[in-house]
Amino acid sequence: MKKILITGGLGFIGSHTTIKLLAKNYDIVLLDNLSNSRIEMIKKISLLAKKDFKFFNGDIRDRSFLRKIFLKNKIDSVIHFAGLKQVSHSMKYPLEYFENNVTGSINLFQEMSLAGVKSIIFSSSASVYGDTKLVRCTENAPLKPVSVYGKTKLIVENILRDIYSSDPNWKIINLRYFNPIGA
Ligand code: NAD
């Protein structure tokens, strides 16, 4: 079965995604720096999925950490959730957001490239549309992020677009969701 690296895998969406993928028998490798999650999540995910997975505690801004993961594991594709996500916080601490979300993502893509891993789903956000007045927002709606958070997401989307232009062997999905919690 395919081996998937999930960045930010102990977080809210990453942990749910992991449980679903384990149920489908994917081989899962998680990484997380625990900046917005707890180590106990490992046990909880295993308990719910009734399966184990590998976990690496570290940061996507650390290239040597990423390199070790790709060397030790034959990763087929990546789902990239790791990042900071608070809109108001991003306006107060823009550099923190650009460093974590943009620099961290560039590191990840560079290490993927070195390892020959060219398949990724990037967890973008509907915040790339900004304050749209459209009632139905389609993928073709103008991209005008207002917050620093939204800007970091659009920058990473554009980086991925350029990576694809340079090498169409890459398989890339920019997933822009609104709020993942249903009523
Ligand atoms: P979350 O904070 O629960 O999960 C993110 C995880 O990434 C956390 O466990 C955190 O510890 C980890 N992390 C953060 N920076 C890291 C780094 N530099 N290195 C390694 N790990 C790091 O957030 P979430 O709600 O699960 O969202 C996941 C992704 O989806 C984020 O990128 C977020 O921007 C995006 N998103 C979320 C929503 C939402 O409503 N929750 C909506 C749209 C997009």
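This one's a predicted model, so the numbers in the text were calculated from it and none came from an experiment. (Residues numbered from 1 in each chain as written. Predicted model: local features only at pLDDT ≥ 70, side-chain atom pairs only at ≥ 80, totals over all residues. Heavy atoms only, no water.)

Draft legend 1. Molecular detail of the nonpolar core. One finds Val78 and Met112 to be the most contacted residues of the largest nonpolar core, which totals 23 residues. Elements with a contribution of two residues or more to this core: strand S2 (27-32), helix H3 (63-72), helix H5 (94-115), strand S5 (119-123) and helix H6 (148-166). Excluding residues within four positions of it along the chain, Val78 makes contact with Leu5, Thr7, Phe70, Leu108, Met112, Val117, Ser119, Ile120 and Ile121. (Core = buried A, V, L, I, M, F, W, Y, C linked by side-chain atoms within 4.5 Å. Buried < 20%, exposed > 50% of the residue type's maximum accessible area, 1.4 Å probe, protein only. Helix = DSSP H or I, 4+ residues; strand = E, 2+ residues; numbered from the N terminus. Contact = heavy atoms within 4.5 Å.)

Draft legend 2. Empty space enclosed by the protein, seen in detail. All told, the structure shown has one cavity of 30 Å³ or more when counted by the stated rule. By volume, the largest cavity is sized at about 30 Å³. Looking at the largest cavity, the residues that line it are His80, Ala82, Asn101, Ser105, Phe122, Thr152, Lys153 and Val156. For the lining of the largest cavity, the secondary-structure elements that each account for two or more residues are H5 and H6. Per-element tally for the lining of the largest cavity: the top contributor is H6, with three residues. Split into classes, the residues belonging to the lining of the largest cavity amount to three nonpolar, four polar and one charged. (1 Å grid on protein atoms, 1.4 Å probe; cavity = no way out; pocket = protein on both sides within 12 Å on 5 of 7 lines; lining within 4 Å. Points joined across faces, edges and corners; volume = space filled by probe spheres on them. Nonpolar A, V, L, I, M, F, W, Y, C, P; charged D, E, K, R; others polar.)

Draft legend 3. Geometry of the sheet that holds strand S6 (residues 171-175). Spatially, six strands are ordered S3-S2-S1-S4-S5-S6 in an open sheet, and the strand pairing comes out parallel. The sheet is open, and its two edges are formed by strand S3 (54-57) and S6, each paired on a single side. Neighbour-to-neighbour, the strand axes of this sheet turn through a mean angle of 15°, independent of strand direction. For S2 and S3, the ladder comprises four bridges, and the chain directions are parallel. Directly across from Leu31, in S3, lies its bridge partner Phe56. Contacts between helix H1 (residues 12-23) and the sheet are confined to strand S1 (3-7), S2 and strand S4 (77-80), with S1 contributing the most and set at about 170° to the helix. Sitting on the sheet, H6 is in contact with S5 and S6, with an inclination near 165° to S5. (Pairing = 2+ DSSP bridges. Axes fitted to C-alpha atoms, helices over the stretch in contact; angles between N-to-C directions.)

Draft legend 4. Broad picture of the packing of aromatic side chains. Within this structure, the stated rule accounts for one aromatic pair. An angle of 15° between the planes, with centres 6.5 Å apart, marks the rings of Tyr129 and Phe178 as stacked. Of the two residues, Tyr129 is situated in the loop between S5 and H6 and Phe178 in the segment after S6; the sequence distance between them amounts to 49 residues. Judged by its relative accessible area of 6%, Tyr129 falls in the buried class. In this structure Phe178 comes out as exposed when scored by relative accessible area, which is 54%. (Phe/Tyr/Trp six-rings, centres within 6.5 Å; stacked < 30°, edge-to-face > 60°.)

Draft legend 5. Looking closely at the site of the ligand. The environment of the ligand is made up of 29 residues, and the closest members are Ile13, Asp32, Asn36, Ser123 and Tyr149. Between the ligand and Asp32, the relevant distance is 2.6 Å, taken from an oxygen atom to a side-chain nitrogen or oxygen of the residue. Assessed atom by atom at 2 Å from the grid points, the ligand resides in the largest pocket. If you list the elements that add at least two residues to the shell around the ligand, you get H1, S2 and H6. A per-class count over the shell around the ligand returns 12 nonpolar, 12 polar and five charged. (Near = heavy atom within 4 Å. Polar contact = N/O pair within 3.5 Å; in protein donor to acceptor, adjacent residues only side chain to side chain. Sits in = over half its atoms within 2 Å of the grid points.)

Draft legend 6. Main features of the pattern of salt bridges. Going through the model one piece at a time under the given rule, you end up with nine salt bridges. With a shortest N-O distance of 3.4 Å, Glu99 and Arg61 are connected by a salt bridge. Of this pair, Glu99 sits in helix H5 while Arg61 sits in the loop between S3 and H3, and the two are 38 residues apart along the sequence. Arg61 sits in the partly exposed class, given a relative accessible area of 31%. (Salt bridge = Lys/Arg side-chain N within 4 Å of Asp/Glu carboxyl O.)

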